[in-house]
Amino acid sequence: MASDGRKQPPWIPPQARPNAQVPRLRIYNSLTRGKDDFVPADPTGKAVTWYACGPTVYEDAHLGHAKNYVSTDIIRRIMQDYFGFDVKFVMNTTDIDDKIILQARRQYLLARFKQEHATQDDSVSDSVLAEAKAAFRQYIGKNLPSLPSDTNPDTFSEAVEKAYTEIVKPTPPSDAATAGQGQAPTVAELLLRVHIATARSAVEALQAPGNLSSFFAKTNDILLPYFDALHGAEVDSDNHQIYLELSQRFEHRFFEDMAALNVLPPTQLTRVTEYVIPIVRFVEKIVANGFGYATPDGSVYFDIDSFEKAGHSYSRLDPWNKNDRALQADGEGSLSKGKSMKRSENHFALWKASKPGEPAWSSPWGRGRPGWHIECSAMASEVIGKTMDIHSGGVDLRFPHHDNELAQSEAYWSTPGCQVQWVNYFIHMGQLRIRGLKMSKSLKNFTTIRAVLSEKEWTARSLRICFLLMPWQDGIEVTDELMKAVVGWEGKLNNFFLKSLDLQRYSNLETTTTQELGIADKQLLNALDKAKSDVDSALCDSFNTSVVMRILSDLVTESNSAEALSDQTVVLLARWITRIVTIFGLDPEGDLSNPNRIGWSGLEIPSIAKPYVYPASELRDKVRTLACSGSVDHAAIAKLADEIKVVESTAEDESKSYGQVLQQFRANVKDLAAQQAPAKDLLALCDQLRDVHLWDLGIYLEDRNNSQPALVRPLDRLLIEARTEQESAGAAKAKAKLENEAREAEREKELRELAKVDPLVMFKNSVEYLEWDESGIPTLDAEGNAVSKNKRKKLIKEWEKQKKRHEEWLATQ
């Protein structure tokens, strides 16, 4: 039956076996667009099968990929470590498809050209220059069609200004501050900007070639498609290594990125090139079942019409998009554009006949390669079987990729009168967007994971916190407000863990019993019990981590605001929070088998710093105590400094800078003690150690009340931002003070000038009055009316003030 394009077809809820122990988990299911009870197909209710669509490996992964795979990892960890499921997590990498073919073939041809035209002096030859000029003409002719046909490097800038005025027009400075609220550029506009930037770079090289290396760096992007158009069809179809070298390199880099983000590796990894034979068998059965057909060119297509006539539903996930030609064309790949021999526009490729220059494998239909959608159907069926519990991927894959996967697999596994539900729960991760647009390599509006982590603005933890703060199925727009929330949440937990670790280290927790707990302890323990229940409810509600994050934050706030808490209560709370954040993957060193663990990695200062920073902090604590005692014992201070033994470090030793700080602080303390310096100088020295010397080394000494030693901790972003805000506020205050002083000085100057005016004439210079008395006080206004009594009283009062000022001025002359 043909699917109703306005609604999704029915979904069959899996039924739990009588003895299966299944948690009351509900999952947002893309097959119903609602939350459904999760029931694994496993009879015991313990084992879960999960297939995740992995990356197409031809370039480095970007932040959009991070959103998808980190969100997936969070859910997987919750399934395993919170609910206790035994998850078989299978993921693929697409190591051959249209994008990989184009990228690898182009790079191969360009590398060959560079090798053939290498020069000993690294100069640009005339033949290289000629090819680049031809590539430039081809590039602008295809991608910037509004330019005149005779545009050359010398006329390019002027031609672009005329043809693409709105695209190249810079944003006025007045609009820069409100750019975030302005209208976002369209995809077409972004693509034009990319093409103009690429052509501009080539123009720079063509006008001033320089050396060969820099020339190619600026012209690569126009030469790649040029040589592919000229020679792509000549590449040997049996030379798969051209493509595998690219995909293997970027697959390796992808998993390096995932490890850096603390994403668990898959239980099993499948690669398309390793499953070509099973894919061919899979296609053969679909054809045999009457749902596929071969065309004379050697391609095989899925017959949606026959599939629906047989009683199946096509487009289970996005039925409202089933006739979207743009999405269908995108799903067929960039090398499949143009005329095809398929029977209907909405039919899609199961097997593609390889054109000249494309990699090929043998099949019953001729030499070809797998279609994009078939790979996951075949590989998941091969590894998992007829039915899987969970299938996941990015939300942009719903149609046509995942809808086509479902149709193919149903066509493969079903028999007449017995339809198979291949996937029970389909989950899709929301996208990371920039001004409403998803990250895209073609639009160049992306940042790679490597770049983000190397720039230090984001860490693996802060990225994960960002994704945890939002529902996994929702898109994320990264804003300053969201970044502030991430920094605040992480900083609050850092502070709580540091203080809890300090309690766990230095308190005797065994001496406190539950009978000795006070009212505040009991209240917080009740809050902890409620938090545990609320967290369970939130995680059962489709892994609602945003609610859990709020619960954890509120619990820490309640602990921080409570008075007279026992160490035992705080440590108990910290251990439970540690368990939850470890389950969420926020600690790469997390150990769920250790019930006493508190916090996460990164709370300790570097090991090489400890032999120097801890003695410096201890000396500082004692100096501060003595300086605040009322009567400073300088002999005692000198003795404390003498007791500090400085371990010498070599010039190459990484610990040298820490050793220098300790050495200098010790020497300064001794000098001040010898000088019998006042307490304020000793305290200023202690502040300098904290606020300058150690701060510059990424370490902070947090002073505490009740004679507790300073808490030694690494700097985190919250501390840095708090100090920046404090400094900005101080600078603003100082600026305001200077401005106020300037205004006061100006006012004083004005008053001095005013004091020079004789009160007899002060009102006579005004056009408001016609007559005055013998003292110069007005009697008639400008219209000849007598000045009223009230007005005259005010004028007399003003006159008397001026008389006093004038007399004071005269006295100084």
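Residues numbered from 1 in each chain as written. Predicted model: local features only at pLDDT ≥ 70, side-chain atom pairs only at ≥ 80, totals over all residues. Heavy atoms only, no water.

## A few points about the sheet that holds strand β10 (residues 388-394)
Note the cut-off: Here a strand pair is declared whenever DSSP counts at least two bridges between the two strands. In this description a helix means any DSSP run of H or I spanning at least four residues, a strand means any run of E spanning at least two, and both kinds are numbered starting from the N terminus. Whenever a helix is involved, its axis is fitted only over the stretch in contact; in every case the axis is a line through C-alpha atoms, and angles between N-to-C directions fall within 0 to 180 degrees. Contacts are residue-level and defined by heavy atoms, with any inter-residue pair within 4.5 Å sufficient.
An order of β5-β4-β3-β10-β11 is seen for the 5 strands of this open sheet, with the pairing classed as parallel. Edge positions in the open sheet fall to β5 (268-271) and β11 (423-429), since each of these has one partner strand only. When strand polarity is set aside, the average angle formed by the axes of neighbouring strands in this sheet is 20°. Note that β10 and β11 share 6 bridges and pair parallel. Within β11, the position partnered with histidine 391 by the bridge is phenylalanine 426. Of the strands in this sheet, β3 (47-52), β4 (86-93), β10 and β11 touch helix α1 (residues 63-82), which is tilted by about 135° from β11.

## Some thoughts on the confidence of the model for the chain
Spelled out, the test is: Think of pLDDT as the predictor's per-residue confidence, scored from 0 to 100.
Per-residue pLDDT for the chain averages 92, and the proportion of residues at 70 or more is 94%. Long-range and interchain partners of residues 173-181, a stretch whose pLDDT sits below 50, account for 3 contacts in this model, where long-range means more than four residues apart.

## Quick look at helix α3 (residues 126-143)
What counts is decided by this rule: Any helix carries an expected span of 1.5 Å times its number of residues minus one. The cut-offs for exposure are 20% and 50% of the maximum accessible area for each residue type, with area from a 1.4 Å probe on protein chains only; residues under the lower value are buried, those over the upper are exposed, and the others partly exposed.
Taking 1.5 Å as the rise per residue, α3 with 18 residues should run 26 Å; its terminal C-alpha atoms sit 26 Å apart, in good agreement. Among all positions of α3, only Val128, Leu129, Ala132, Ala134, Ala135, Phe136, Tyr139, Ile140 and Asn143 are buried. Where α3 is buried, its residues touch α2 (98-116), α4 (156-163), α7 (187-207) and α8 (212-231).

## Some words on the sheet that holds strand β7 (residues 300-302)
Strand order in this open sheet of 4 strands is β6-β7-β8-β9, and the pairing throughout is antiparallel. Each edge of the sheet is formed by a strand with only one pairing partner; in this case those strands are β6 (292-294) and β9 (368-370). Ignoring which end each strand starts from, the neighbouring axes of this sheet average 20° apart. Pairing of β7 with strand β8 (residues 348-353) involves 3 bridges; the strand directions are antiparallel. Looking at β8, one finds that tyrosine 301 is bridged to alanine 349.

## A closer look at the packing of α4 against α7
Stated formally: These descriptions rest on fixed angle ranges, namely under 35 degrees for roughly parallel, over 145 for roughly antiparallel, 65 to 115 for roughly perpendicular, and the rest for oblique. Note on convention: near helix rotated counterclockwise from far helix by under a right angle means a left-handed crossing. Clockwise means right-handed.
At their nearest, the axes of α4 and α7 sit 11 Å apart, and the two run at 160° to each other. When the axes of α4 and α7 are compared, the pair comes out roughly antiparallel. Where α4 crosses over α7, the two elements pack in a sense that is left-handed. Contacts between α4 and α7 involve Phe156, Ser157, Val160 and Glu161 from the former and Ile196, Ala199, Arg200 and Val203 from the latter.

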